[in-house]
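The lines below spell out each chain.
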Amino acid sequence: AQSVAQPEDQVNVAEGNPLTVKCTYSVSGNPYLFWYVQYPNRGLQFLLKYITGDNLVKGSYGFEAEFNKSQTSFHLKKPSALVSDSALYFCAVRDNTGFQKLVFGTGTRLLVSP
Amino acid sequence: NAGVTQTPKFQVLKTGQSMTLQCAQDMNHNSMYWYRQDPGMGLRLIYYSASEGTTDKGEVPNGYNVSRLNKREFSLRLESAAPSQTSVYFCASSIQNTGELFFGEGSRLTVL
């Protein structure tokens, strides 16, 4: 079965520093990977996706993610964190069977301190 | 842009009561979904509707029913609420199964 793991419940980073939120995946066949962000009391918003091609994917709000097939990872990154980036981040993988629905990770809370 | 609209935003029920969560999208999307979000468990799919007229079980369907009323609307019903159904419920939609989902703002349900 397809799955993603987010090993960190919380990531703390100072404003202006680079940030990384980790995600590893397990999937049969080609991986279709996604990152979503959830701000307090809001629904999830799509950030970026990897389907095929370049291993570095650029998304919204200056975020990017690096796909690494050998390490089965899809880490979310940003060169310089902002306090407003503080939110809950979810990694997801598309189930390659049947309807191909999304399977989400448990989420990582990012706290950016001033 | 309304996007995905869920009602109600908050609800408190007693064990055994029933209720329906309503969801509507105005983006002409084919696929719609109901998720629940619980601390430490991420989002889990309850039911989905790949297209108008079809519904299928997701990961945690027990205790729930759904209706895809038309292309715009997808409702979630709890026939006999249980404390284990205390959660935040999210409706989402997508054009097809592209993985790019649009979410509503959530409905916080407490079952006493």
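Residues numbered from 1 in each chain as written. Chains lettered and ligands numbered in written order. Predicted model: local features only at pLDDT ≥ 70, side-chain atom pairs only at ≥ 80, totals over all residues. Heavy atoms only, no water.

Asks: I'd like a rundown of the overall build of chain B, residues and numbers included.
Replies: The number of helices and strands found in chain B is zero helices and 11 strands. The helix and strand sequence of chain B, counted from the amino end, reads β-β-β-β-β-β-β-β-β-β-β. Relative to a compact globule of 112 residues, whose C-alpha radius of gyration would be 13 Å, chain B shows 13 Å and is just as compact. Based on the C-alpha atoms only, the size of chain B along its principal axes is roughly 35 × 25 × 25 Å. The contacts in chain B between residues at least 6 apart in sequence include a share of 53% that link residues at least 24 apart. Total accessible area computed for chain B in this model is approximately 5200 Å², and 49% of it derives from carbon and sulfur atoms. Looking at chain B, you have 10 positive and 9 negative side-chain charges, and the mean spots of the two groups are 7 Å apart. (Helix = DSSP H or I, 4+ residues; strand = E, 2+ residues; numbered from the N terminus. Rg over C-alpha atoms; globule rule 2.2 N^0.38 Å. Contact = heavy atoms within 4.5 Å. Areas by Shrake-Rupley, 256 points an atom, 1.4 Å probe, with all protein chains shown as cover. Lys, Arg positive; Asp, Glu negative; His and termini not counted. Charge placed at Lys NZ, Arg CZ, Asp CG, Glu CD.)

Asks: Report on the interface of chain B and chain A, specifying residues and quantitative values.
Replies: By convention, interface size is frequently given as the accessible area that disappears when the constituent parts associate. Taken together, the contact between chain B and chain A spans 21 residues of the former and 19 residues of the latter. Both sides of the chain B and chain A interface together cover about 1700 Å² of buried area, and 56% of this is carbon and sulfur. The interface formed by chain B and chain A contains two salt bridges. Linking E100 of chain B and K49 of chain A is a salt bridge whose minimum nitrogen-to-oxygen distance equals 2.5 Å. Put simply, the parts of the chain that give the side of chain B that touches chain A at least two residues each are β4 (31-38) and β5 (42-49) of chain B. Class assignment of the residues belonging to the side of chain B that touches chain A gives a composition of 10 nonpolar, eight polar and three charged. (Buried area = accessible area lost by both parts, 1.4 Å probe. Salt bridge = Lys/Arg side-chain N within 4 Å of Asp/Glu carboxyl O. Nonpolar A, V, L, I, M, F, W, Y, C, P; charged D, E, K, R; others polar.)

Asks: So, the nonpolar core: which residues are in play, and what are the values?
Replies: All names here are of chain A. Ranked by internal contacts, the top residues of the largest apolar core, which has 26 residues, are W35, L47, L48, F74, L76 and Y89. Looking at this core, the elements with two or more residues in it are β2 (10-14), β3 (19-21), β5 (33-38), β6 (44-50), β8 (64-68), β9 (73-78), β10 (87-94) and β12 (108-113). Considering each element in turn, this core owes the most residues, four residues, to β10. Apart from residues no more than four positions distant in its own chain, F74 is found in contact with C23, L33, F34, W35, L48, K49, Y50, A65, E66 and F67. (Core = buried A, V, L, I, M, F, W, Y, C linked by side-chain atoms within 4.5 Å. Buried < 20%, exposed > 50% of the residue type's maximum accessible area, 1.4 Å probe, protein only.)

Asks: Give me the state of the cysteines: which residues, what numbers.
Replies: All names here are of chain A. The full count for this structure, using the stated rule, is two disulfides over all chains. Linked covalently through their sulfurs, C23 and C91 form a disulfide whose S-S length is 2.0 Å. Around the S-S axis, the bridge from C23 to C91 shows a dihedral of about -65° and counts as left-handed. Of this pair, C23 sits in the loop between β3 and β4 (24-26) while C91 sits in strand β10, and the two are 68 residues apart along the sequence. Neither residue differs from the other here; C23 and C91 are each classed as buried. (Disulfide = S-S within 2.5 Å.)

Asks: I'd like a rundown of the sheet that holds strand β8 (residues 74-78) of chain B, residues and numbers included.
Replies: All names here are of chain B. Taken together, the four strands give an open sheet; going across it, the order is β1-β3-β8-β7, and neighbouring strands pair in antiparallel fashion. Unpaired on one side and paired on the other, β1 (4-7) and β7 (64-68) mark the two borders of the sheet. This sheet shows a mean twist of 15° between the axes of neighbouring strands, independent of strand direction. In the sheet, strand β3 (residues 19-25) pairs with β8 via three bridges, with the strands oriented antiparallel. (Pairing = 2+ DSSP bridges. Axes fitted to C-alpha atoms, helices over the stretch in contact; angles between N-to-C directions.)

Asks: Could you give an account of the pairing of β6 of chain A, naming the residues involved and the relevant values?
Replies: All names here are of chain A. One ladder, built from six bridges, connects β5 with β6; its direction is antiparallel. Following the sheet pairing, V37 is matched in β6 by Q45. Hairpin remark: β5 followed by β6, antiparallel, with five residues in the connecting loop; positive phi at N41, about 60°.

Asks: Any chance you could break down the side chain of H75 of chain A for me, citing the residues and the numbers?
Replies: Residue and element names in this part refer to chain A. Looking at the secondary structure, you find H75 in strand β9. Residue H75 is classed as buried on the basis of its relative accessible area, which comes to 18%. Ignoring anything within four residues of it in the chain, the contact list for H75 reads T20, V21, K22, C23, W35, E64, A65 and E66.

Asks: Which residues make up the pairing of β2 of chain A, and what values do they have?
Replies: Residues and elements named next belong to chain A. Taking every second residue as pointing to the same face, the buried face of β2 carries V11 and V13, while none of Q10, N12 and A14 on the other face is buried. When β2 meets β12, the two strands line up parallel, connected through five bridges. Within β12, the residue paired with A14 across the bridge is S113.

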